[in-house]
Amino acid sequence: VQLQAFGGGLVQAGGSLRLSCAASGRTFSNYDVGWFRQAPGKEREFVADITWSVGSTYYADSVKGRFTISRDSAKNTVYPQMNSLKPDDTAVYSCAAGFLWKGGHSDYEGYDYWGQGTQVTVDY
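**Student:** So, the pattern of salt bridges: which residues are in play, and what are the values?
**Tutor:** Note that side chains of opposite charge can pair when their charged atoms are close. A full pass over the atoms with the stated rule returns 5 salt bridges. Linking E45 and R37 is a salt bridge whose minimum nitrogen-to-oxygen distance equals 2.8 Å. Residue E45 is classed as partly exposed on the basis of its relative accessible area of 32%. Between D89 and R37 there is a salt bridge, with its nearest N and O atoms 2.9 Å apart. One end of the pair, D89, is in the loop between strand 9 (77-82) and strand 10 (91-98); the other, R37, is in strand 5 (residues 32-38), with 52 residues separating them in the sequence. A residue is classified by how much of its surface remains accessible, and R37, at 6% relative accessible area, is buried. Bridged by salt links that share partners, the residues R37, E45, R66 and D89 form one connected network.

So this is what it looks like as structure tokens:
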């Protein structure tokens, strides 16, 4: 499966962005689809995940209450809606898909397919 991430950009603190992760080659039907981010000089960090088949969602504590992840079956796309953005949210955001055989929802080892990142910059 090939993944493509869209929607990054520059936004002021307190603003909102909606990212997209679209799959081609096959559907997301049995996958978990997660988002991770990496800021300069920092390690990759789990953001959110959705289990496609049942719609269960998981969030990092740092984004809980501000980010909402959802899916559109017709478009085979996952959307993290990011509200109340903070400068600390500035990072390259990447989406990934996998069966989580090798790790949990927040472990990057559990994801087998990765899309290219999209830059999110939150200005003061």
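Past the structure itself, the notes keep going.
**Student:** Lay out unusual backbone geometry with the relevant residues and their values.
**Tutor:** Its identity is not glycine, yet S84 carries a phi of approximately 50°, on the positive side. Note that S84 resides in the loop between strand 9 and strand 10. In this model, L100 sits at a positive phi of 60°, which is unusual for a non-glycine residue. Following the sequence through the fold, L100 ends up in the loop between strand 10 and strand 11 (113-114).

**Student:** Let's hear about the side chain of T51: which residues, and what values?
**Tutor:** Relative to the elements of secondary structure, T51 occurs in strand 6 (residues 45-51). Among the polar contacts made by the side chain of T51, one reaches the side chain of D32 at a distance of 2.8 Å.

What counts, and where the lines are drawn
Numbering of residues begins from 1 in every chain and follows the order in which that chain's sequence is written. Whole-chain, interface and lining totals are the exception, using all residues; otherwise, since this is a predicted model, local features are given only for residues with pLDDT of at least 70 and side-chain atom pairs are given and counted only at 80 or more. Only hydrogens and water are set aside; all other atoms, that is, all heavy atoms of the structure, feed into the side-chain values. By salt bridge we mean one thing: a side-chain nitrogen of Lys or Arg within 4 Å of a carboxyl oxygen of Asp or Glu. Note on exposure labels: buried denotes an accessible area under 20% of the residue type's maximum, exposed denotes more than 50%, and partly exposed covers the range between, all computed with a 1.4 Å probe on protein chains only. Per the convention used, a helix needs a DSSP run of H or I reaching at least four residues, while a strand needs a run of E reaching at least two, with both numbered from the N terminus. A 3.5 Å cut-off defines polar contacts: any pair of N or O atoms within that distance qualifies, except that in protein one atom must be a possible hydrogen donor and the other a possible acceptor, and neighbouring residues in sequence count only when both atoms are side-chain atoms.

As far as function goes, none of this settles anything; it's purely spatial.
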